[in-house]
Amino acid sequence: MTPRTAVLAAAALMLAPLAAYAQAKEQYTYRCTGKDGRKHYGQTLPQACLGQPLELINKQGMVVKRIDHEAEEKARLAKEADAEKKREMETAQKDAMRRNQALLATYTSEKDIEDSRARALRDHKNQVEEVERRIDDIKKRQARFEKDLAVYKEAGKGAPPTRLQEEITNAEIDLKAQQGLLEAKKREAVSINARYDDDRKRYAEATGKRTASGPASSAAPR
């Protein structure tokens with residue numbers, strides 16, 4: 001059933017009591033403006049009035065009842081949309097309240113937040129240095145492989161052993177992977193600072209405090 005058909009079906013159902021009322025009181029007449037822009041009248045509901053704003057008038061020409069199904073449907077949908085938006089806002093507010101409660105349970109002061117930031121950045125620095133050490137080790141392996149390869153070439157022994165070729169290939173793959181990891185790790189420092197900046201801001205809001213300088217991101221240790 002299309003939306004238009006649904007509206008017409010609903011209109012027919014809602015007009016049933018009105019039709020009975022009009023039939024019981026023969027002096028009342030249906031009136032509407034059709035899609036053709038013309039006025040339509042009838043003791044029974046004119047076909048052109050289906051789905052159109054409708055009026056019930058008495059023999060003196062006074063409107064005793066008005067009904068506009070499309071307008072009512074639009075109003076109903078708008079009301080539902082407003083209710084849904086309100087529910088979403090309430091859910092967001094409850095989520096923010098839970099997050100703030102968790103924040104206040106984690107930190108007792110802004111100093112706690114900065115101490116936690118420092119620990120996170122220190123751990124991050126250690127992780128970066130570990131990746132850099134792995135890259136150095138791989139490069140040292142590559143240097144040895146290059147020397148071994150040079151020996152085979154100078155001695156004219158032909159193609160190097162398959163194992164050496166595999167080790168050279170694997171070292172290249174490992175190096176690219178570790179270099180990609182290193183770049184990702186370096187970008188994490190920005191995310192860490194952003195997270196603690198947000199925690200500090202929310203803590204100030206939750207406790208009603210204001211900082212003189214605002215959030216102060218610590219630089220990643222070098």
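What you are looking at is a predicted structure, and each value in this text was computed from that prediction instead of being measured. (Residues numbered from 1 in each chain as written. Predicted model: local features only at pLDDT ≥ 70, side-chain atom pairs only at ≥ 80, totals over all residues. Heavy atoms only, no water.)

Colleague: Looking at this structure, I do not really get the overall build of the protein chain. What am I missing?
Modeller: Across its full length, the protein chain carries 4 helices and 4 strands. Each helix and strand of the protein chain, placed in order from N terminus to C terminus, yields the pattern α-β-β-β-β-α-α-α. The burial tally for the protein chain puts 26% of its 222 residues in the buried class. Sequence separation of at least 24 residues holds for 60% of the intrachain contacts in the protein chain that already meet a minimum separation of 6. Total accessible area on the protein chain is roughly 15,400 Å²; 53% of this is exposed by carbon and sulfur atoms. (Helix = DSSP H or I, 4+ residues; strand = E, 2+ residues; numbered from the N terminus. Buried < 20%, exposed > 50% of the residue type's maximum accessible area, 1.4 Å probe, protein only. Contact = heavy atoms within 4.5 Å. Areas by Shrake-Rupley, 256 points an atom, 1.4 Å probe, with all protein chains shown as cover.)

Colleague: Looking at this structure, I do not really get the state of the cysteines. What am I missing?
Modeller: In a disulfide, the sulfur atoms of two cysteines are covalently bonded to one another. If you walk through the whole model with that rule in mind, you get 1 disulfide. What pairs with Cys32 in a disulfide is Cys49, and their sulfur atoms sit 2.0 Å apart. Since a negative S-S torsion denotes a left-handed disulfide, the Cys32-Cys49 link at about -90° is left-handed. Remark: Cys49 occurs in the loop between β2 (39-42) and β3 (54-57) and Cys32 occurs in strand β1 (residues 29-33); sequence separation between them is 17 residues. No difference in accessibility class separates Cys32 from Cys49, as the two residues are buried. (Disulfide = S-S within 2.5 Å.)

Colleague: How do you make sense of helix α2 (residues 69-106) when you look at a structure like this?
Modeller: Given 3.6 residues to a turn, an α-helix orients residues that are three or four positions apart in the same direction. Here α2 spans 55 Å end to end across 38 residues, near enough to the 56 Å set by a 1.5 Å rise per residue. In this structure Asp68 caps α2, since a side-chain oxygen of it lies 3.2 Å from the backbone nitrogen of Ala71. (Expected span 1.5 Å × (residues − 1). Polar contact = N/O pair within 3.5 Å; in protein donor to acceptor, adjacent residues only side chain to side chain.)

Colleague: In this structure, what is going on with helix α4 (residues 162-207)? I would like to understand it.
Modeller: Between its first and last C-alpha atoms α4 spans 67 Å; for 46 residues at 1.5 Å apiece the expected length is 68 Å, and the two agree. The positive-phi residue at the C-terminal boundary of α4 is Gly208, with phi of around 75°.

Colleague: It is not clear to me how the sheet that holds β1 should be interpreted in this structure. Could you clarify?
Modeller: As a general point, the strands of a sheet are linked pairwise by backbone hydrogen bonds and lie either parallel or antiparallel. If you walk across this open sheet you meet the 4 strands as β2-β1-β3-β4, and the pairing is antiparallel. Strands at the two margins of the open sheet, each flanked by one partner only, are β2 and β4 (63-67). The mean angle between the axes of side-by-side strands here comes to 20°, regardless of whether they run parallel or antiparallel. In this sheet, β2 lies alongside β1 in antiparallel orientation, the contact comprising 4 bridges. (Pairing = 2+ DSSP bridges. Axes fitted to C-alpha atoms, helices over the stretch in contact; angles between N-to-C directions.)

Colleague: Quick question: what am I supposed to make of the packing of helix α3 (residues 110-154) against α4 here?
Modeller: In a pair of packed helices, the angle between the axes and the distance between the axes together describe the arrangement. In the contact formed by α3 and α4, the axes pass within 9 Å of each other and the chain directions differ by 170°. Relative to α4, the element α3 lies roughly antiparallel. In terms of residue class, the contact of α3 with α4 is made up of 21 nonpolar, 7 polar and 18 charged. (Parallel < 35°, antiparallel > 145°, perpendicular 65-115°, else oblique. Nonpolar A, V, L, I, M, F, W, Y, C, P; charged D, E, K, R; others polar.)

Colleague: Help me understand the nonpolar core in this model?
Modeller: Proteins that are soluble and globular tend to have nonpolar side chains buried together. Grouped together as the largest cluster of nonpolar side chains are 11 residues: Val128, Val131, Ile135, Ile138, Phe145, Leu149, Leu164, Ile168, Ala171, Leu175 and Leu182. Put simply, the parts of the chain that give this core at least two residues each are α3 and α4. Residue contacts for Ile138: discarding those within four places in its chain leaves Ala171, Asp174, Leu175 and Gln178. Of all hydrophobic cores here, the second largest spans 8 residues; its members include Tyr107, Ala120, Leu121 and Tyr203. (Core = buried A, V, L, I, M, F, W, Y, C linked by side-chain atoms within 4.5 Å.)

Colleague: Is there a simple way to explain the pairing of β3 in this structure?
Modeller: Burial of β3 is two-sided: the residues Leu54 and Leu56 facing one way and the residues Glu55 and Ile57 facing the other way are all buried. When β3 meets β4, the two strands line up antiparallel, connected through 4 bridges. Across the sheet, Glu55 pairs through a bridge with Arg66, a residue of β4. Connecting β3 to the next strand, β4, in antiparallel fashion are 5 residues, including Gly61 with a positive phi near 85°.

Colleague: How should I be thinking about the pattern of salt bridges in this particular structure?
Modeller: Two side chains with opposite charge may pair up if their charged atoms get near one another. Enumeration over the complete set of coordinates arrives at 19 salt bridges. Between Asp115 and Lys111 there is a salt bridge whose closest N-O contact spans 2.9 Å. With Asp115 and Lys111 both in helix α3, this residue pair falls 4 residues apart, about one helical turn. Since its relative accessible area comes to 30%, Asp115 is described here as partly exposed. Within the structure, one salt-bridge network assembled from shared partners comprises Glu110, Glu114, Arg117, Asp197 and Arg200. (Salt bridge = Lys/Arg side-chain N within 4 Å of Asp/Glu carboxyl O.)

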